[in-house]
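Read off the chains here:
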Amino acid sequence: MATDRLGSKILFLLVLVLLISQLRAKSSVVELNEDNWHQMLEGEWMVEFFAPWCPACKALKPIWEDFGSWSDDLSISVGAVDVTNSPGLSGRFMVTALPTIYHVKDGVFRQYRGSRDKDEFMSFVEEKRWEEVEVVPAWKSPGSLQMSIVAQFFKLSMVLRSVHSVLVEDYGLPTWGSYLVFALATIFVGALLGLVLVCIIDFVFPPKAPGPSPVRLKVEDDEEDLVENSEALPENNIKEEAERAGKSESEGEGEENEEEEAAKSGDDEGKELSQAEEEEEEEEDDNNEEKEEPGSVESEEQKDVKSSPGVRRRRARKD
């Protein structure tokens, strides 16, 4: 009897160990985090995002593990992500509700929105119903650069949350005191980043020397106009004076020509008058000589006076 009881206990233990080992072998849910999440970019995956405190996630856990045991038969990989340990992935995949399930095929992401049942999961994969689901757009793809930046912000938020917990729980600061510390730190960091940004801009695009004011430019333009006008006026004056000089010269030449003509005509008339006067004087002299008595003889001086040009002219004028 004792040997039978001992044999039955040993057999029970062996069966229990085999069952546990088989369950562990069948449970092939891969735990993904921020270090190994790139594995889902190759092949076909079904990935669950959960949190330990989420009631719906707790209800889905056994179903998801059972679905994971069929991963080899379905030729897919089944994964799970704890958002409390990997906040960056929750931001990268824009997880706004828990649990959230994604289907991934060669880096193409689609969000599963069907019922949370093992048979539904299996038919979704076997019948390729995921082809009917809309693909996540490129700007929202978890592998894009912008979503990587969003993931870093989510990480920073978790760090700040842990710092807030330390300040309140460990150091005994009130909640408003912790918020005040964060506000001052934000102002300081913002000022520091602004200073660094200004220095970079000044280094890349150095400021140029200030140019002349627009008023000064206008004055200079006016001065240039005045200079041009002053330069143009003498030229115009010179032209006008030259024209006037030309006119005066032409007028002077005309007057000179008239005077020369008048002088020539006057000379001709003078010559004619002088000839006529000379003829008249000769006639008078002849008449006077005839009238004179034989005994009266004039002196040579009187004859010279009578024959002088002045007397001849006087006589001509009297006549």
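You'll find the chain entered in an unreviewed UniProt entry as Thioredoxin-related transmembrane protein 1, with Petrolisthes manimaculis given as the organism.

So, on to the UniProt feature "transmembrane region" (unreviewed entry) in the chain. According to UniProt, the feature "transmembrane region" (unreviewed entry) maps to residues 179–205 in the numbering used here. For the annotated span residues 179–205, helix accounts for 96% and strand for 0% of the residues, and the straight-line distance between the end C-alpha atoms is 38 Å.

The next subject is the confidence of the model for the chain. Keep in mind that low pLDDT regions are not for reading the predicted coordinates in detail. Of the residues in the chain, 57% have a pLDDT of 70 or more, and the chain-wide mean is 74. Overall, residues 217–221 carries pLDDT values under 50, and its contacts beyond four positions in sequence, including any with other chains, amount to one contact. Taken together, the stretch residues 311–319 has pLDDT below 50 and engages in 14 contacts with residues farther than four places along the chain or on a different chain.

Okay, the nonpolar core next. The biggest cluster of nonpolar side chains holds 18 residues, and the ones touching the most others in it are M40, V47, F49, F93 and F109. Breaking this core down by element, the ones donating at least two residues are strand 2 (44–50) and strand 4 (100–105). It is strand 2 that contributes the most residues to this core, three residues altogether.

Conventions used here
Residues numbered from 1 in each chain as written. Predicted model: local features only at pLDDT ≥ 70, side-chain atom pairs only at ≥ 80, totals over all residues. Heavy atoms only, no water. UniProt positions renumbered as here; feature names shortened; annotations may be inferred. Helix = DSSP H or I, 4+ residues; strand = E, 2+ residues; numbered from the N terminus. pLDDT = per-residue confidence, 0-100. Contact = heavy atoms within 4.5 Å. Core = buried A, V, L, I, M, F, W, Y, C linked by side-chain atoms within 4.5 Å. Buried < 20%, exposed > 50% of the residue type's maximum accessible area, 1.4 Å probe, protein only.

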